[in-house]
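Fold and geometry: a report
What follows is each chain in one-letter form.
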Amino acid sequence: MKKIILFSTLSALLFIPVFSIAQHAVSVSLSLSKAINLATNNQPLLREAEDYVKVAQGRIQQSESSKYPQISAALSYDYMGPIPSIVIPFGPGGHFDLAPANNYNEHIDVKYLIFDFNRRNEWINLLKSNRLAEQEKINLLKNRLAYRTVQAFYSVLFLRKSLKVKDEQMKDLLHHLVTAKKLVETGSAISLDTLTTHVRVTAIENQKAGIENLLLQNEIVLKSLLNLNNHASVNLTGGFVKSVPKMPLDSLIEVAFANREEIKLTKIGEQTANIQKNIAKLSSMPTLSAIGSYGLKNGYPDALYKMRSNWLLGVAANIPIFDGYMKKAKMETATWNIHAVQNHLDALRKTVSREVQQAASELLSSQKQLKLAREEIVSAQAAVKQARVQYKSGYVTNLSLLDAETSLTRARLSYVAGLYKITLNKYRLMETMGLRIW
């Protein structure tokens, strides 16, 4: 039992930080659905993941700005000296300036990419693929949080029910102790009977202390997942799963292939790798842009000191000739990246298939164990009933009665553990199939 609970505790702690949203101790009533809702909405990790989606969206908007003309304004002032001039050596003489000392220039430039063989759109598609991957990471994180919540929720429920079984055992032992003392007083039993019973009572108290410690640990995990204050009192509602309908294994695996977030992320990665290859293929293609400019400046020969308007219209082509084999290297890198992603996808499908088969097998096994636990309780109850009658009549010893009662408690604990196990195995199968429970 301890191994099951500690495994659940450690698994949950891998995914959660400890945070608190309340300052005072409160009592919280939780169903499983409410607990999952809290876990998938209150975690700072989710807000961080959502911020990365916004970052990816911002990068898309930045790239889409290239679809519009790029307009800029420029203002400049230059003082030049000495001023170039021409001296007239004949006639009345004199000189005239070829340029003004104070030069002013102000203009607006416009540049617009007309054609680039779809390279710009491919780059935007790459960024959209990255955004889609960030969104899928949110779904993956929510799935993990939801199923870790299921583990913590049912671990707490299981330990609380186990404590109730131990309390019932303690109650029976104390009642038996009273009976043993009366029999000792009448001479029908020896004092060793009461001493043996006291030993069993102490052993149960130690067992309860261990269960209570495990319960406290799992309650801390659950509160952390739900982002609740550590001092909050949590009341859980609901019960365990008792049976699960059997489904064809092939159907379960097909559902897993269609729903597992890891497979979806890998497929997005394959799409991204293909886009990167397209971008590499287009890296040596020419681009054609339109350019235009309009402004005011002085310094024209016929009016040196007058501001006059001027304009410019044209086209510009950028034609790569030699890139040092950069395109070839990019193409090879992109191709190997595609192969790597495809191999990862094949390996992931095998892993998912194995996980589904193992989870289905564990679920089937736990159903059989639960059935046996039910039968064990019936037999143990009959044995205890018979042992109590025979002990009072002096036909069996105190130790035989205590052993029978211990067997009954063990059977009850096995039944509770069986319910716990079948419930976790059911959700484990759902998790391996990628089913959303949030």
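As shown above, the structure is provided for reference.
So, a few notes on the structure that sits alongside this text. All residue numbers refer to positions counted from 1 along the written sequence of the respective chain. At least 70 in pLDDT is required for a residue's local features to be given in this predicted model, at least 80 for side-chain atom pairs to be given and counted, and no such filter applies to totals for whole chains, interfaces and linings, which use all residues. Values shown for side chains rest on all heavy atoms present in the structure; no hydrogens or waters enter the calculation.

Bringing the overall build of the protein chain into the picture now. When helices and strands are counted, the protein chain shows nine helices and eight strands. This radius of gyration counts C-alpha atoms alone. The globule rule is 2.2 Å times how many residues there are, raised to the power 0.38. Taken against the 2.2 N^0.38 rule, which gives 22 Å for 438 residues, the C-alpha radius of gyration of the protein chain at 40 Å runs more than 25% over that of a compact globule. Considering only C-alpha atoms, the protein chain reaches an extent of 155 × 50 × 30 Å along its principal axes. Burial status follows relative accessibility: with a 1.4 Å probe on protein chains alone, a residue under 20% of its type maximum counts as buried, one over 50% as exposed, and anything between as partly exposed. For the protein chain, the residues scored as buried account for 39% of the 438 residues in total. We call two residues contacting when some pair of their heavy atoms lies within 4.5 Å. Considering only residue pairs separated by 6 or more positions, the protein chain has 83% of its internal contacts joining residues 24 or more positions apart. Charged-residue counts in this description rest on Lys and Arg as positive and Asp and Glu as negative, His and the chain ends being excluded. By convention, charge coordinates are those of NZ in Lys, CZ in Arg, CG in Asp, or CD in Glu. In the protein chain, 54 side chains carry a positive charge and 36 a negative one; their mean positions are 5 Å apart. Put simply, DSSP marks the helices as runs of H or I at least four residues long and the strands as runs of E at least two long, and each gets a number from the N terminus on.

With respect to the helices, strands and loops of the structure, Arg-120 is situated in helix H4 (residues 119–186). In this structure Arg-120 is buried but unpaired, with Asp-116 as the nearest side chain of opposite charge at 4.7 Å. Excluding anything up to four places from it in sequence, Arg-120 contacts Ser-66, Lys-67 and Leu-113. What makes a salt bridge here is a side-chain nitrogen of Lys or Arg within 4 Å of a carboxyl oxygen of Asp or Glu, nothing more.

What follows deals with helix H2 (residues 32–39). Buried residues of H2: Leu-32, Ala-35, Ile-36, Leu-38 and Ala-39, and no others. Angular distribution of buried residues about the axis of H2 spans 160 degrees; they occupy a single face of the element. Note: the arc covers the axis-to-C-beta directions of the helix.

Taken as a whole and judged by the stated rule, the model has 15 salt bridges. Between Asp-403 and Arg-200 there is a salt bridge, and its shortest N-O distance comes to 2.9 Å. Here the residue Asp-403 occupies a position in helix H9 (residues 398–432), and Arg-200 occupies one in helix H5 (residues 191–226), the gap between them amounting to 203 residues. On the basis of relative accessible area, Asp-403 is assigned to the partly exposed category, the value being 37%. Three or more residues joined by partner-sharing salt bridges are found here, namely Arg-148, Arg-428 and Glu-431.

Right, let's get into the environment of Thr-197. Among the secondary structure elements, Thr-197 is positioned in helix H5. Judged by relative accessible area, which is 0%, Thr-197 ranks as buried. It is 34 Å that separates the C-alpha atoms of Thr-197 and Ile-422, two residues lying 225 residues apart in sequence. Every residue in contact with Thr-197, bar those within four places of it in the chain, is listed here: Leu-173, His-176, Leu-177, Asn-398 and Leu-402.

Looking now at the packing of helix H6 (residues 249–259) against helix H7 (residues 261–281). Following both chains from N to C, one finds H6 and H7 inclined at 50 degrees, their axes separated by 6 Å at the closest point. Classified by the interaxial angle, the pair formed by H6 and H7 is oblique. Residues Ala-256, Phe-257, Ala-258 and Asn-259 of H6 touch H7, and the partners they reach there are Glu-261, Ile-263 and Lys-264. Classifying every residue of the contact of H6 with H7 gives four nonpolar, one polar and two charged. Convention adopted: a line fitted to C-alpha atoms gives each axis, helices being fitted over their contacting stretch, and angles between N-to-C directions are expressed from 0 to 180 degrees. To sort the angles, those under 35 degrees are grouped as roughly parallel, those over 145 as roughly antiparallel, those from 65 to 115 as roughly perpendicular, and the leftovers as oblique. Three categories are distinguished: nonpolar for Ala, Val, Leu, Ile, Met, Phe, Trp, Tyr, Cys and Pro, charged for Asp, Glu, Lys and Arg, and polar for the others, with Gly belonging to the last.

Roughly 330 Å³ of volume is contained in the second largest pocket. Contributions of two or more residues to the lining of the second largest pocket are made by H6, helix H8 (326–393) and H9. If one sorts the elements of the lining of the second largest pocket by residue count, H8 sits on top with five residues. Grouping the amino acids of the lining of the second largest pocket by side-chain chemistry returns 12 nonpolar, two polar and two charged. Whether a set of points on the 1 Å grid over the protein atoms alone is a cavity depends on a 1.4 Å probe fitting there but being unable to get out, while an open set qualifies as a pocket with protein on both sides within 12 Å along at least five of seven lines; lining residues are those with an atom within 4 Å of a point. Grid points are joined across faces, edges and corners, and a volume is the space filled by probe spheres set on the points.

Moving on to the packing of aromatic side chains. Two aromatic rings from Phe, Tyr or Trp, using only the six-membered ring of Trp, form a pair when their centres are within 6.5 Å; if the ring planes differ by under 30 degrees the pair is stacked, by over 60 it is edge-to-face, and anything between is tilted. Inspection of the entire model under this criterion finds seven aromatic pairs. Summarising the aromatic geometry, the rings of Tyr-77 and Tyr-104 are spaced 5.2 Å apart at their centres and angled 40 degrees between planes, so their arrangement reads as tilted. Taken together, the residues Tyr-77 in strand E2 (residues 70–79) and Tyr-104 in strand E5 (residues 102–115) connect sequence positions 27 residues apart. For Tyr-104, a relative accessible area of 40% gives the class partly exposed. Taken together, the aromatic side chains of Phe-153, Tyr-154, Phe-240 and Tyr-427 make up a single cluster linked through ring pairs. For a ring to carry a charge above it, either NZ of a lysine or CZ of an arginine must fall within 6 Å of the ring centroid while also lying within 35 degrees of the normal to the ring plane. The ring of Tyr-300 carries Lys-297 above its face, with NZ or CZ at 5.1 Å from the centroid. Positioned above the aromatic ring of Tyr-427, the side-chain terminus of Lys-426 is 5.1 Å from the ring centre.

Like-charged residues within 9 Å of one another, or nonpolar side chains (Val, Leu, Ile, Met, Phe, Trp, Tyr) within 5 Å, are grouped into patches, provided each residue has over 30% relative accessible area and no salt bridge. The Shrake-Rupley method, run with a 1.4 Å probe sphere, supplies the accessible areas, and residue values consider only the shown protein chains as cover. On the surface, Lys-161, Lys-164, Lys-242 and Arg-374 cluster together into a positively charged patch. With respect to the secondary-structure elements, Lys-161 resides in helix H4.

With an omega of -5 degrees, the peptide bond between Gly-81 and Pro-82 qualifies as cis. Located in the positive-phi region is Phe-117, a residue other than glycine, with phi close to 60 degrees. Relative to the assigned elements, Phe-117 resides in the loop between E5 and H4.

When two helices pack together, you describe them by how their axes are tilted relative to each other and by the distance separating the axes. As a packed pair, H8 and H9 sit with axes 7 Å apart at the nearest point and diverge in direction by 160 degrees. Classified by the angle between their axes, H8 and H9 sit roughly antiparallel to one another. For H8 against H9, the interelement crossing comes out left-handed. If you view the pair so one helix is near and one far, a crossing is left-handed when the near helix is turned anticlockwise from the far one by less than a right angle, and right-handed when it is turned clockwise.

Okay, a nonpolar patch on the surface next. Where nonpolar side chains cluster on the molecular surface, the patch consists of Tyr-112, Ile-114, Phe-115, Phe-117, Leu-288 and Val-315 and spans about 530 Å² of accessible area. By the secondary structure assignment, Phe-115 is in strand E5.

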